Amino acid sequence: MAAKAKHYEKMHDMLQASISTKVDCGKMCAPLNNGIPVCCTADHAVPVVTTGEWKHLKRTTDAWKKFKPKDKAGREIVEELHEDCRAIECKIAPFCDRNSRTLACRSFPFFPYFTKQGELIGLSYYWIFDDRCWIISNLQVVEKEYIKEMIETYEYLFKKDKEELEAFHDQSASMRRVFSKKGRVIPIIGRDGGYFKILPKTKGAIVPAKLSDFDAHGPFKSEKAYAKAISEEGGDPTGHSLKDAGV
Ligand code: SF4
Ligand code: SF4
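Report follows, based on the coordinates. (Residues numbered from 1 in each chain as written. Chains lettered and ligands numbered in written order. Predicted model: local features only at pLDDT ≥ 70, side-chain atom pairs only at ≥ 80, totals over all residues. Heavy atoms only, no water.)

### Digging into the overall build of the protein chain
Logical step 1: For the protein chain, the count of helices and strands is nine helices and eight strands.
Logical step 2: A globule of 247 residues ought to have a C-alpha radius of gyration of about 18 Å, and the protein chain, at 18 Å, matches this closely.
Logical step 3: Reported as C-alpha extents along the three principal axes, the dimensions of the protein chain are approximately 45 × 45 × 35 Å.
Logical step 4: The burial tally for the protein chain puts 43% of its 247 residues in the buried class.
Logical step 5: Contacts in the protein chain between residues at least 24 apart in sequence constitute 67% of all its contacts with a sequence separation of at least 6.
Logical step 6: Carbon and sulfur atoms make up 52% of the accessible area of the protein chain, which amounts to about 13,400 Å² in all.
Logical step 7: Averaged over its 40 positive side-chain charges, the protein chain has a centre that lies 2 Å from the centre of its 35 negative ones. (Helix = DSSP H or I, 4+ residues; strand = E, 2+ residues; numbered from the N terminus. Rg over C-alpha atoms; globule rule 2.2 N^0.38 Å. Buried < 20%, exposed > 50% of the residue type's maximum accessible area, 1.4 Å probe, protein only. Contact = heavy atoms within 4.5 Å. Areas by Shrake-Rupley, 256 points an atom, 1.4 Å probe, with all protein chains shown as cover. Lys, Arg positive; Asp, Glu negative; His and termini not counted. Charge placed at Lys NZ, Arg CZ, Asp CG, Glu CD.)

### Some remarks on the site of ligand 2
Logical step 1: The immediate surroundings of ligand 2 are formed by Cys40, Trp64, Cys90, Ala93, Cys96, Arg101 and Cys105.
Logical step 2: Residue classes in the shell around ligand 2 are distributed as six nonpolar, no polar and one charged. (Near = heavy atom within 4 Å. Nonpolar A, V, L, I, M, F, W, Y, C, P; charged D, E, K, R; others polar.)

### A look at helix 1 (residues 5-14)
Logical step 1: Along helix 1, the residues classified as buried are Ala5, His7, Tyr8, Met11 and His12. Taken end-on, helix 1 shows its buried residues confined to a sector of 150°, consistent with a single buried face. Opposite its buried face, helix 1 presents the exposed residues Lys6 and Asp13, each directed more than 90 degrees away. (Arc of directions from axis to C-beta.)

### Structural notes on the site of ligand 1
Logical step 1: Surveying the vicinity of ligand 1 reveals the residues Cys25, Gly26, Cys29, Pro37, Val38, Cys39, Phe108, Pro109, Cys133, Trp134 and Ile135.
Logical step 2: Across the shell around ligand 1, the residue classes break down as 10 nonpolar, one polar and no charged.

### Re the packing of aromatic side chains
Centre distance and the angle of the planes are the two values used to describe a pair of aromatic rings.
Logical step 1: Under the definition given, this model contains 11 aromatic pairs.
Logical step 2: Taken together, a centroid distance of 5.5 Å and an interplanar angle of 55° make the contact between Phe114 and Phe158 tilted. With a gap of 44 residues between them, Phe114 in strand 4 (residues 110-114) and Phe158 in helix 6 (residues 144-160) connect regions that are remote in the sequence.
Logical step 3: On the accessibility criterion, Phe114 (4% relative accessible area) is buried.
Logical step 4: The exposure class of Phe158 is buried, given its relative accessible area of 6%.
Logical step 5: For the pair Tyr195 and Phe214, a centre-to-centre distance of 5.9 Å together with 90° between the ring planes defines the contact as edge-to-face. Of the two residues, Tyr195 sits in strand 7 (residues 195-198) while Phe214 sits in the loop between strand 8 (206-208) and helix 8 (223-232), which places them 19 residues apart along the sequence. (Phe/Tyr/Trp six-rings, centres within 6.5 Å; stacked < 30°, edge-to-face > 60°.)

### Let's talk about helix 3 (residues 51-60)
Logical step 1: Gly52, Glu53, Trp54, His56 and Leu57 are the residues of helix 3 that are buried.
Logical step 2: Here the buried face of helix 3 lies against helix 1, strand 1 (48-50), strand 2 (64-66), strand 3 (85-90) and helix 5 (103-107).

### Remarks on the pairing of strand 5 (residues 120-125)
Logical step 1: Of all six residues in strand 5, six are buried, a share of seventy percent or more.
Logical step 2: When strand 4 meets strand 5, the two strands line up antiparallel, connected through five bridges. In the sheet register, Phe110 faces strand 5, and the bridge partner there is Tyr125.
Logical step 3: In sequence, strand 4 turns back onto strand 5 through a hairpin of five residues, with Gly118 there showing a positive phi of about 90°.
Logical step 4: The sheet contact formed by strand 5 and strand 6 (residues 186-190) spans two bridges and is antiparallel. Considered in strand 6, the bridge of Gly122 is made with Gly190. (Pairing = 2+ DSSP bridges.)

Shown next, in the form of structure tokens:
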């Protein structure tokens, strides 16, 4: 059974919290992405929704349209979609009204992480964005209310849609495989906001962690690297430090 439009209506209501109320992370990644938040740019990943969510969006907002492929790669994305999914394009970025956000917009860059034993223990992130998404290198700003709403919303989704449940089990397993191969630590934000990690080659064993156990990435490795990257893009790094962001 797949989640229906009415279930997405409820989930959009359930997941309203910002990742952080102190910092607008879009302002932190946009200077390195032509002024647009990375997760609002279809060039990085074409948004895909289920037909249930698409039905809900069409009823409630004009912010989205069907994705029209412009090249071979785009056509392949559409051809390979599951029959219950639709590729869509946002018409309002970067001027988000927040109510029009999909579940994926509300969740990014995080997903519910399942252990090997099948327990939903918290959140991890879509690692392929670690060189572009500022949040991934700044997990200290993620707030408890957001974590709570994320977990509750996804638990609701999993009750309504077993395929989604399976998809996130697979996503978690895929992260374990990739990170183990690369010798990387998997960072996890626990359900109560605490930190955990999974060390490579430990068969998915979870141990408590400190924020300092987690690496920063790409241009977000240091304030100096970040300022240099903004300058190289022709921007002005003034006002874009952690201190300026108040975190
Ligand atoms: S979640 Fe990441 S990619 Fe999206 S606006 Fe925030 S920092 Fe940018
Ligand atoms: S709905 Fe908002 S968050 Fe989602 S892609 Fe559009 S502008 Fe970005």
